[in-house]
Amino acid sequence: MALIVHKYGGTSMGSTERIRNVARRVAKWHKAGHQMVVVPSAMSGETNRLLALAKELQPAQLGKAYGRELDMLAATGEQASSALLAIALQAEGIDAVSYAGWQVPIKTNDAYTKARIESIDDVRVRADLAAGKVVIVTGFQGVDPDGNITTLGRGGSDTSAVAVAAAMKAAECLIYTDVDGVYTTDPRVVPEAKRLERVSFEEMLEMASMGSKVLQIRSVEFAGKYKVPLRVLSSFTPWDIDLNEEASSGTLITFEEDEDMERAVVSGIAFNRDEAKVSVLGVPDKPGIAYQILGAVAAANVEVDVIIQNLSKDGKTDFSFTVHRNDFQKTLDLLKGQVLPALGAADVVGDNRICKVSIVGIGMRSHVGVASRMFKCLSDEGINIQMISTSEIKTSVVIDEKYMELAVRALHREFDLDQTADTISK
């Protein structure tokens, strides 16, 4: 008997038949005695459809007022799926009620299209749970201090679910998706990839930030901060699977101190194709250069990832960094138009055909030579490393995009992930 939060993605809610199966699954948990809060995404493709309509009509100047209306529009997708799920549960004989984010309320700041949750008032939800109801709360959305509807950005339903679970001190938050857990790497690239039974928040956070698309990074940050146990599992298993079997399936994302510490060195290989490299050449090597370059980039709301500054030669140096590929041209134009003349640098060049490949694992803390093993593996495959970034449990390299799949497969073999994944964290 526990308070459990279920989150269902857009694919799981993609048709009335799938919604009916979600309702049957939730009803099974409810009938077993659990208090159930469910956070659904919009039906698959619905948010894209709504935003495409907005794009056809958008004004020339895209200001805050436009962002407000985008959120007003996009939020209707989750509202529809939540109401449909409540109706499907009622058809199963379960007393169910749905709420939009503003009704709970889930309070956010006013950063439209990418708002951040500030607090959740759980009084109304707890009263319904005490009355024996299943409560459905729209994912992806909330309300700002002025009462305007806000949305949390792509993948925001994951964050909504974790935030609700944290606020209500749920025993566990189950993220139902179209994959059956977290894998050592993308099985579409490496068919031998194995599902991890357990992974730490730190590892999952690194994997999410390095390109793993299983969970939105903000949801993992939230779960780690508030110590909400997460489980990623498939919504396509039969709804009437044994509850105990279902409750132990997928991948549990939990705390390092809860685990036996005899760890594999590397838990997974993450990669990100959406990278671009920008280099400012012939920069005067003097204090404040990095700030002059990156300050201007940050002011343009461009996020920077890997950064390298070369050794000075004749008082000049080269400064390189990576950005999201969507920001590549914007960054080049900014640097050429504003920064280059002010700095007196020689040139600005870029490459939008690179990628980032990362090895991740808590075991790297207690093993030496892991990075050099990675570099040798790539060298043996004839893959040139352009940039390197490290943290305590991660090493990332920037390489030519055409070598990405070769690099991922080679590293997966090098660290025996096809053999050891099932025993990681046991």
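Residues numbered from 1 in each chain as written. Predicted model: local features only at pLDDT ≥ 70, side-chain atom pairs only at ≥ 80, totals over all residues. Heavy atoms only, no water.

J.: Could you clarify how one ought to interpret the sheet that holds strand 17 (residues 387–391) in this entry?
T.: Strand pairing within a sheet occurs via backbone hydrogen bonds; the two strands may be parallel or antiparallel. With antiparallel pairing, 6 strands are arranged side by side in an open sheet as 14-15-13-16-18-17. Since the sheet does not close on itself, it has two edges, and those belong to strand 14 (304–309) and strand 17, each with one partner. Neighbour-to-neighbour, the strand axes of the sheet open up by a mean angle of 30 degrees, direction not taken into account. Note that strand 16 (residues 347–360) and strand 18 (residues 394–400) share 7 bridges and pair antiparallel. Across the sheet, the residue bridging to Val-360 is Lys-394, located in strand 18. (Pairing = 2+ DSSP bridges. Helix = DSSP H or I, 4+ residues; strand = E, 2+ residues; numbered from the N terminus. Axes fitted to C-alpha atoms, helices over the stretch in contact; angles between N-to-C directions.)

J.: For this particular structure, what's the right way to read the pattern of salt bridges?
T.: Two side chains carrying opposite charge are able to pair once their charged atoms lie near each other. Per the counting criterion, the structure on display carries 22 salt bridges. For Glu-17, the salt bridge is made with Arg-20, and the minimal N-O distance between the two is 2.8 Å. Here Arg-20 and Glu-17 lie together in helix 1 (residues 16–31), a separation of 3 residues that amounts to about one turn. Classification of Glu-17 by relative accessible area gives partly exposed; the value is 39%. Exposure remark for Arg-20: the relative accessible area of 34% places this residue in the partly exposed category. (Salt bridge = Lys/Arg side-chain N within 4 Å of Asp/Glu carboxyl O. Buried < 20%, exposed > 50% of the residue type's maximum accessible area, 1.4 Å probe, protein only.)

J.: Which parts of the structure should I look at to understand the packing of helix 11 (residues 370–380) against helix 12 (residues 404–414)?
T.: Helix packing for two helices is described by the angle between their axes and how far apart those axes are. Two numbers describe how helix 11 lies on helix 12: the axes approach to 10 Å, and their chain directions differ by 130 degrees. If you check the angle between helix 11 and helix 12, you find them oblique. Viewed along their axes, helix 11 and helix 12 form a crossing whose handedness is right-handed. Counted together, Arg-373, Met-374, Cys-377 and Leu-378 of helix 11 and Ala-407, Ala-410, Leu-411 and Glu-414 of helix 12 form the full contact between these two elements. Here the contact of helix 11 with helix 12 is composed, by residue class, of 6 nonpolar, no polar and 2 charged. (Parallel < 35°, antiparallel > 145°, perpendicular 65-115°, else oblique. Left-handed = near helix turned anticlockwise from the far one by under 90°. Contact = heavy atoms within 4.5 Å. Nonpolar A, V, L, I, M, F, W, Y, C, P; charged D, E, K, R; others polar.)

J.: What am I meant to see in unusual backbone geometry here?
T.: A cis amide bond links Val-104 to the next residue, Pro-105, at an omega of -5 degrees. Look at Asn-301: it is not a glycine, yet its phi comes out positive at around 65 degrees. Mapped onto the fold, Asn-301 is located in the loop between helix 9 (289–299) and strand 14. Its relative accessible area of 55% is what places Asn-301 among the exposed residues.

J.: What is the right way to look at the sheet that holds strand 12 (residues 251–254) in this model?
T.: A sheet is described by the order of its strands in space; here 8 strands give the open sequence 3-6-2-1-9-11-12-10, paired in mixed fashion. Because the sheet does not close on itself, it has two edges, and the strands there are strand 3 (96–99) and strand 10 (198–200). Sheet twist, expressed as the mean angle between neighbouring strand axes with direction ignored, is 20 degrees. Sheet analysis places strand 1 (residues 3–8) next to strand 2 (residues 35–40), joined by 6 bridges and oriented parallel.

J.: Sorry if this is basic, but what is going on with the pairing of strand 16 here?
T.: One face of the sheet, then the other: side chains in a regular strand alternate in exactly this way. As defined by bridge partners, strand 13 (residues 268–284) adjoins strand 16 across 11 bridges and the pair is classed as antiparallel. When the bridges of strand 16 are listed, Ile-269 appears paired with Ile-359.

J.: When you look at the environment of Ile-87 in this model, what are you seeing that I'm missing?
T.: Relative to the assigned elements, Ile-87 resides in helix 3 (residues 64–91). Residues Ile-87 and Tyr-226, 139 residues apart in the sequence, show an inter-C-alpha distance of 32 Å.

J.: Explain the side chain of Thr-108 to me, please; I cannot follow it from the model alone.
T.: Within the fold, Thr-108 resides in strand 4 (residues 106–108). The class for Thr-108 is buried, based on a relative accessible area of 1%. Within polar-contact distance, the side chain of Thr-108 engages the side chain of Thr-150 at 2.7 Å. If we skip the residues at most four places from it in the chain, Thr-108 touches Ala-115, Arg-116, Ile-117, Glu-118, Gly-142, Val-143, Asp-144, Pro-145, Thr-150 and Leu-152. (Polar contact = N/O pair within 3.5 Å; in protein donor to acceptor, adjacent residues only side chain to side chain.)

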